[in-house]
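Next come the chains, spelled out residue by residue.
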Amino acid sequence: MEIIGNRVILRSFRIGDITDTFVSFLNDKKVVKYSNQRFIRHTLESCLNYMKSFIGSDNMYLAIEDKDSGELLGTMTAYIDINHKTADIGILIGNKKVWGKGIGTESWGLLMNLLFSSVDIRKVTGGTLEKNTGMINIMKKNGMIHEATQVAQEIIDNKPTDTLYFCKF
């Protein structure tokens, strides 16, 4: 599978994507600051096991690749419930040099469009911590609306923090 955008290509995540550089994204405290990945020490083996967990499922694990250079910029997931025609998507932009340049917004929109047009999904959801303004902006720029809040759900910087959930039909 491959989705070509203006600046990125979304494609199936491959075993060759599991490199020391990729693992370093997941172990970078700034990259995973607002993710529960911050509690895990990742290895090549843990990344391979995660990739394998998608085999034979309806879910998607995608690489975000720079369209011009082919460089891996990050990953996306879509956890799909075929029975309810819903998908919960997530994104990790591990390459910090592209932060704030719209790569996440473009990638999010590409995956949402695929899910609505080709996978027969009726509702896409996503969530983030209230302090993650970059992620909130990605969801809002893609037409998602705030659906729910889990008050003081997680701890960030030793302070209870709300988790915000967004959706689009």
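Scroll up to find the structure.
The sections below set out a description of the structure shown in this document. Owing to the predicted nature of the structure, the values given are computational and were not obtained by experimental measurement.

Summarising burial for strand β2 (residues 8-12): 4 of the 5 residues are buried, a large majority. In this structure, strand β1 (residues 2-4) lies alongside β2, joined through 3 bridges in antiparallel fashion. Residue pairing in the sheet places glutamate 2 in a bridge with arginine 11 of β2. Hairpin remark: β1 followed by β2, antiparallel, with 3 residues in the connecting loop. Bridge count for β2 against strand β3 (residues 60-66) is 5 bridges, and the pairing is antiparallel. In the strand pairing of β3, arginine 11 is matched with alanine 63.

Inspection of the secondary structure assignment puts asparagine 6 in the loop between β1 and β2. A relative accessible area of 69% means that asparagine 6 is categorised as exposed. Linking asparagine 6 and serine 117, residues 111 residues apart in sequence, is a C-alpha distance of 19 Å. In contact with asparagine 6, not counting residues within four places along its chain, are Lys67 and Glu106.

Among the secondary structure elements, threonine 128 is positioned in strand β6 (residues 123-129). Here the side chain of threonine 128 touches asparagine 132 through a polar contact of 3.2 Å, side chain to side chain. Leave out the neighbours within four places in its chain, and threonine 128 touches Met135, Ile136, Met139, Asp162, Thr163 and Leu164.

It is worth spelling out the pairing of strand β5 (residues 86-93) at this point. Two strands pair when backbone bridges link them, and strand β4 (residues 72-81) and β5 are joined in this way by 8 bridges, in the antiparallel orientation. Note on β5: the bridge partner recorded for tyrosine 79 is aspartate 88. What sits between β4 and β5 in their antiparallel hairpin is a turn of 4 residues, with lysine 85 showing a positive phi close to 55°. Here β5 pairs with β6 via 3 bridges, running parallel. Within β6, the position partnered with threonine 86 by the bridge is lysine 123. Of the crossover connections in this fold, the one passing from β5 over helix α3 (residues 103-118) to the parallel β6 is right-handed.

Before going further, it helps to spend a moment on the nonpolar core. Membership of the largest hydrophobic core comes to 30 residues, with the highest contact counts inside it found for Met60, Ile64, Met76, Ile89, Trp108, Leu111 and Leu115. Sorting the residues of this core by element identifies β2, β3, β4, β5, α3, α4 (133-141) and β8 (159-168) as the ones contributing at least two each. With 7 residues, α3 is the single largest residue contributor to this core.

Summed over the entire model, instances satisfying the criterion amount to 8 salt bridges. For the salt bridge of glutamate 106 with arginine 7, the shortest nitrogen-to-oxygen distance reads 3.4 Å. Of the two residues, glutamate 106 sits in helix α3 while arginine 7 sits in the loop between β1 and β2, which places them 99 residues apart along the sequence. With relative accessibility at 15%, the residue glutamate 106 sits in the buried group. Residue arginine 7 is classed as partly exposed on the basis of its relative accessible area of 36%. Here aspartate 28 makes a salt bridge to lysine 96, at a shortest N to O gap of 2.8 Å. Note that aspartate 28 is positioned in the loop between α1 (20-26) and α2 (44-52) and lysine 96 in the loop between β5 and α3, a separation of 68 residues in sequence. Judged by relative accessible area, lysine 96 falls into the partly exposed class, the value being 36%. Connected via shared salt-bridge partners are Arg11, Asp17 and Glu65.

Cut-off values and rules
- Residues numbered from 1 in each chain as written.
- Predicted model: local features only at pLDDT ≥ 70, side-chain atom pairs only at ≥ 80, totals over all residues.
- Heavy atoms only, no water.
- Buried < 20%, exposed > 50% of the residue type's maximum accessible area, 1.4 Å probe, protein only.
- Helix = DSSP H or I, 4+ residues; strand = E, 2+ residues; numbered from the N terminus.
- Pairing = 2+ DSSP bridges.
- Contact = heavy atoms within 4.5 Å.
- Polar contact = N/O pair within 3.5 Å; in protein donor to acceptor, adjacent residues only side chain to side chain.
- Right-handed = clockwise from strand over helix to strand, strands pointing away.
- Core = buried A, V, L, I, M, F, W, Y, C linked by side-chain atoms within 4.5 Å.
- Salt bridge = Lys/Arg side-chain N within 4 Å of Asp/Glu carboxyl O.

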